[in-house]
Amino acid sequence: MKDVLLIRNGVVYDPMNGVEGEVMDIAIKDGVIVEAIDERKAKVIDASGMLVMPGGVDIHSHIAGSKSNIGRLLRPEDHRRSYEPKTALTCSGVGHSVPSTKTTGYRYARMGYTTVFEAASPPLKQKHTWEELNDIPIIDKAALTVMGNNWFIMDFISQGRIEDAAIYAAWLLKATKGYGIKIVNPGGVEAWGWGGNVYDLDELVPYFSITPREIVEGLCKINSMLNLPHTIHVHVNRLGMPNNCWTTLRTAHTVRKAFGGGKLLIHITHCQFSGYAGSTWTTLRSGAEYIAKYVNSVDHVSLDMGQVVFTDTTTMTGDGPLEFRLFQSLAGKWANADVEVETGAGVVPIRYSRRSYVGTIQWAVGLELALLVNDPWKIVLTTDHPNGGPFTAYPRVISWLMSSKARSKVMERVNRRALKYTALPSIDREYTFTDIAIVTRASPARLLGLKRKGHLGVGADADIAIYDLDPRKVDPSVDYRRVRRALRRAAYTIKGGRIVIVKGEVVEDIPGRSIWVDVDIPEDEIEELLREVKPRFEEFYTVKLRNYPVPEDMILNPSPIKINPSI
Amino acid sequence: MRITFKPLTPFKVPVDLSPITPDNLEGMDIGEVKSLQIWVGSKRKRIDEIFLVELSEDGREEIAIVFMGDFSKARGIGSGMSRGSITVKGSGGLRVGEYMRGGTIVVEGDVDHWLGMAMHGGSIYVKGAAGSYVGAPPKGSSKGMRGGSIIIDGDAGECIGAYMRDGSIEVKGNVGLFPGLRMLGGTIVVYGNCMGRAAARMKDGRVIILGSVGSILPTFQIEEIRPSVRGVRERLEGPFYVFQGDLSEDGRGRLFVSKPSNPELAFFEKLL
Amino acid sequence: MIIPSIVVEEKAAEYTMEDVICPFCGCCCDDIIVSVKDGRIIDVKNACILGASKFLHIDDGRLLKPKIGRFESAREVSLSEAIETVVGLLKDSCYPLLYGWACTSCEAILLGLDLAEILGGAIDNTSIVCHGPTILAGQDLGLITATLGQVKNRADLIVFWGCNPLEAHPRHIARYSVSSRGRFISGRRDRKVVVVDVRRTNTARIADLFIEVKPGYDYEVLSALKMLVKDLDLEVDEVGGIPVSKLEELADMMVEAKFGALFFGTGLTMSRGRDKNIEAAIELVRYLNFKTKFVLIPMRGHFNVTGANEAFTWRTGYPVSIDFSQGYPRYLPGETTAVDILRRGECDLFFVVASDPVSHMPRRAVEHLSNIPVITLDPKLTPTVYLSDIAIPVAYTGIEVDGSVYRMDTVPLRMRKIVDPPPGILPDTEILRMILEKVRGEYS
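Anyway, here's the lowdown on the structure attached to this text. (Residues numbered from 1 in each chain as written. Chains lettered and ligands numbered in written order. Predicted model: local features only at pLDDT ≥ 70, side-chain atom pairs only at ≥ 80, totals over all residues. Heavy atoms only, no water.)

Turning our eyes to something else, we now look at the overall build of chain A. Helix and strand content of chain A: 18 helices and 26 strands. Against the compact-globule benchmark of 24 Å for 567 residues, chain A has a radius of gyration of 22 Å, which places it among compact chains. Based on the C-alpha atoms only, the size of chain A along its principal axes is roughly 65 × 60 × 50 Å. Put simply, chain A has 567 residues, and 70% of those count as buried. Sequence separation of 24 or more characterises 78% of the internal contacts of chain A that already satisfy a separation of 6 or more. Carbon and sulfur atoms make up 48% of the accessible area of chain A, which totals about 17400 Å². (Helix = DSSP H or I, 4+ residues; strand = E, 2+ residues; numbered from the N terminus. Rg over C-alpha atoms; globule rule 2.2 N^0.38 Å. Buried < 20%, exposed > 50% of the residue type's maximum accessible area, 1.4 Å probe, protein only. Contact = heavy atoms within 4.5 Å. Areas by Shrake-Rupley, 256 points an atom, 1.4 Å probe, with all protein chains shown as cover.)

The structure is reproduced here in structure tokens:
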């Protein structure tokens, strides 16, 4: 009885299938959306007058792994302000900006999100990432594996051995149960291994015969060779520095020059942090217009916002030197954790203040990106949790996108001088419910190549969010507070066909699925490459090759996607 | 009005008394007070399951709460209170006077750690000894005590006044290491001895040690000798060595150390 | 097979396992070769004497059967009777304290956290008597650290402060630090090694520079070094028994290094100042990062105490000393720390897994154990087991059962089962699961 469900009369937004506010039924059987079911046998949810969307998909969020845990360790004071007591069905937890594992899962589900991607995981520590992901309830999860400062990748690319680099990358994804190729400050984090950084796409990485441009292009090529479902996912050089929008554009453009247009090639993540013009902090300007103009004219780039919210939060990233710079200006807590051969990590608490000139520019840039890029299919809503703000702020961000009035209200209290250097005050555009369904569901699912997520067509996973909000009666432009309230606590969240949330409360605590990409490369090819690599591997690393991979039996509810490469 | 709480049996597990404050009890009748629930270990118990509660009129409007007995296993006596008074006739336990904003707390016995944690105002007087982290913010926070006065007749532990911003702490007995750690303001007076490392990483504020100071950190430098120094309420007779620091944090705080009690510091005089 | 299966499926009578991870200290060396014959470990290669002795002596001094009764009144019981008794006692407790968790897997630790939460008790791990101060400093300031491979590949200056790896972490010297080789460093001669300690330890003998610090003055010395690194003048001639000229020499070495690594142990964490000593070390390393590249790495003692901190943190937000009594994780050192709870005699039950607190805790804390029921899960006959009212034998993690562990530099590893435990002895994860199931049944 439980496995047959009917959602009746909801106002459905399913942009991937062209449904924009149609009243219709959705039938579910055995965890999947089906054409029709025997209504007599079904549990029925009366969704009359309610907004129905696919479950939310978060393309980039730091929820699990070594640096998330460093973040939790660093912020006992942040935990005290927000905690969730144990209930008969749920475990307790804490955390405003860096919630503990159980709390993370419940809070996402409460908002109607059902799939979340851990943004950056270092391969050497990916067992840690998976142990934490295993502990996060309800949502489906995956992890992006960082490769942009990996010694073996950089060596292979600089030696012109692109095919071997591709095999190595494929093996890395298999070994770490990763979903895609993540690049963080390519070359810069390797330089940080010596306390340095790189500042230009064509700067040589110290002691390596490679530039950031070559790393990005190399991994982009590898991504295509492997036919990975997502493009390279890039945190560009010079993130968080004035005038970095040009680096963003040059990075985006370099892959187009190398590989041509016509298909998606690169995802620029948390673009807000890379969207600044103006040469110093005191003369900082928004660079969003430049980026938006470019993105509007090409077809190979996607981006996620990285929206800033005015709150106390925690920055955490693989970009070690960036966090050191933040520490230098904020002089508070700072944690750093380099990972040999591969990458780094840094964590610094931060408070984004309305009155701050820089904070206001940052806040505006994220919104401008989403509002100035015409095609919502190129955009995903994120806050780069927790860097720009906790993911629980998504309903607030949604209300800013949907209501010019909501934005104006905020703009009344921000730094007025800063506003002059952004385009935001002159933007009238307001996102529709369809647009929101795209940037929080359909677009990320499509960009990630998740065929059964982000839509409500037959065959899709039955991950559905139902909100107590009638889109036909509520004008989100005016009633944005109502929209925010409704989106904070779903009337129902359905995950894999099971009702997990009712009126914002957890009614069933089930484990989600763990998704990764299994690139089908002949085992003997991998073994041959690893045989060659093994001596250097064990010379550089402090673990043996055999102890490096994440064993499959460690993963809860494994759900790998088999991919056929083109090499 | 005076309300007295006497434990029916000695406490065996932690007891959270933070709901029992003059603020919270205001306007309640004795029946309501008795039916309040508090945490005893992992269980919720009614006040009258654990205490004998007596109300007496003393002609005054403000609420005076009296805890009679051994409360060394209690937590949070006087938590967040802003008026009235609490007297503990016995030991007070942990986090006595945490987040206090006003009113008075008197403890006739000892208290454990975290006395006056993150205090904003009011006054606390402990006749016995105190533990460590007097007036300090909860672990991980840097928002220390910012008002109010704490007086301890006995000894106190380590890190008293850590991260302090304002207010005053006076200890008649001895203190452990690191009084005034990372201080930003306020005044600490130790009438007895300090184990060492006074005012470590202080950025501003005043630490006055009348007994022996243990040793002076290399991050402080001698500024002058003063015949007396302003204490909390009175002038304290010296003479005092006045050190400035903590220089490793660009600190402009002052550490006053009694000259007669610290003869081994005489060599600093030639640096003047 | 290069793409490995971790669990050895078929065990012949005689076999050898390679790349075994040693379950002794925080080094978690993963190149051990273990030979097994007829279900017994007969040979161990590559391990240091500490690790080898663990592998080769797992049969010695073992608790073989569950027992009920303290000291001489102990009697052997069946596992089910032991578990029933344990569950009965847990159910009746109002504020139980669950302690230990260092010498077992993260899987077991998570079950312990489940149990503490359901019981509304307190739970703490052994870092409070070891590197707890490091963690406390990490909460207030943040640790500036790296995985050990950064040291192996890049570090041209290594400082050992208050630790003696030659004796406590023997293979650290060759595998990770002093004579390790990597991409940019070809070995010992590319490095300078400094030892700072209260006496000339064995590790000092292999150092280029040994600095003797007066016991209890590390904080002063670290503060002075911070001043020197910040180019500030010191008024005094000597700090902590060390002439300032020597400190200037050390400060110069640190600033001129291309990559410096500071390793530290209980010499800093458990001497006068404790967590503030580590804060001073972090402050020094922070300022060194303004001039060069520098990290600090704690020399963790047990093979999974780091994992206990990690698991505690991801599940509750805090690395040690959690109190679940009010329905959610609360943490405050001095209040929720196991030693303080015992000192105040506040817990009404003590549940120990993978640790021997009777041997390691202050006496006043241990005294309270005479008043309350004590339950222990351990492979060995320890003083804590003798004192326990109920003790249940368990398998050795990393030798008789698989498990997830974290090395001293937080690198996660997966330990594999090598031999079967003695008949009737289960992994602690199994025992904990059985207890949890029954406790959950009682509570629902």
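Another point: the pairing of strand β1 (residues 4-14) of chain A. All names here are of chain A. Among the 11 residues that make up β1, nine are buried, leaving the element largely enclosed by the rest of the structure. Note that β1 and strand β2 (residues 19-29) share nine bridges and pair antiparallel. Within β2, the position partnered with Asp 14 by the bridge is Val 19. Counting the residues that bridge the hairpin from β1 to β2 gives four residues, and of these Gly 18 lies at a positive phi of roughly 70°. Relative to strand β4 (residues 43-46), β1 runs parallel, the two being bridged by four bridges. (Pairing = 2+ DSSP bridges.)

A few words on the layout of surface pockets. Put simply, the second largest pocket is a space of about 1400 Å³. Every residue lining the second largest pocket is counted, 46 residues in all, and those nearest its centre are Lys102(A), Leu111(C), Asp114(C), Arg315(C) and Arg440(C). Elements with a contribution of two residues or more to the lining of the second largest pocket: α4 (126-135) of chain A together with α3 (106-119) and α17 (428-443) of chain C. Considered class by class, the residues forming the lining of the second largest pocket number 18 nonpolar, 11 polar and 17 charged. (1 Å grid on protein atoms, 1.4 Å probe; cavity = no way out; pocket = protein on both sides within 12 Å on 5 of 7 lines; lining within 4 Å. Points joined across faces, edges and corners; volume = space filled by probe spheres on them. Nonpolar A, V, L, I, M, F, W, Y, C, P; charged D, E, K, R; others polar.)

This part covers the interface of chain A and chain C. Contact residues are listed per partner, giving 68 residues for chain A and 69 residues for chain C. Between chain A and chain C, roughly 6000 Å² of surface is buried when both sides are summed, and carbon and sulfur atoms account for 56% of that area. Taken as a group, Leu73(A), Trp194(A) and Arg546(A) account for 13% of the area that chain A buries against chain C, more than any other trio of residues on that side. On the surface where chain A and chain C come into contact, there are six salt bridges. The salt bridge partner of Arg315(C) is Asp135(A), with a shortest N-O separation of 2.7 Å. The element that contributes the greatest number of residues to the side of chain A that touches chain C is helix α18 (residues 523-540) of chain A, accounting for eight residues. Looking at the side of chain A that touches chain C, its residues break down into 30 nonpolar, 15 polar and 23 charged. As judged from the three bridges shared by strand β18 (residues 335-338) of chain A and strand β8 (residues 144-146) of chain C, these two strands associate in the parallel manner. Pairing of Asp338(A) across the sheet is with Ala146(C), part of β8(C). (Buried area = accessible area lost by both parts, 1.4 Å probe. Salt bridge = Lys/Arg side-chain N within 4 Å of Asp/Glu carboxyl O.)

A word on the interface of chain A and chain B. By a frequent convention, interface size equals the accessible area lost on bringing the separate parts together. Across the boundary between the two partners, chain A contributes four residues, which contact four residues of chain B. Together, the buried faces of chain A and chain B total about 280 Å²; carbon and sulfur atoms form 51% of this surface. Area buried by chain A at its contact with chain B is led by Pro76(A), Glu77(A) and Arg80(A), which between them contribute 87% of it. The interface formed by chain A and chain B includes zero salt bridges. For the pair chain A and chain B, the number of links is two residue pairs in polar contact (both at pLDDT 80 or more). Residue classes in the side of chain A that touches chain B are distributed as one nonpolar, no polar and three charged. (Polar contact = N/O pair within 3.5 Å; in protein donor to acceptor, adjacent residues only side chain to side chain.)

Our focus in this paragraph is the pattern of salt bridges. Enumeration according to the criterion identifies 88 salt bridges over all chains in this entry. What emerges from the salt-bridge pattern is a single network uniting Arg75(B), Arg95(B), Glu98(B), Asp112(B), Glu335(C), Asp340(C), Arg343(C), Arg344(C) and Glu346(C).

Bringing a negative patch on the surface into the picture now. Residue and element names in this part refer to chain A. Residues Glu 163, Glu 523, Asp 524, Glu 525 and Glu 528 make up a contiguous surface patch of negative charge. Examining the composition of the negative patch, we find that four residues originate from one element, α18, more than from any other. With respect to the helices and strands, the residue Glu 525 is situated in helix α18. Take Glu 525: its relative accessible area is 33%, and that puts it in the partly exposed class. (Patch = residues over 30% accessible without salt bridge, like charges linked within 9 Å, V, L, I, M, F, W, Y side chains within 5 Å. Lys, Arg positive; Asp, Glu negative; His and termini not counted. Charge placed at Lys NZ, Arg CZ, Asp CG, Glu CD.)

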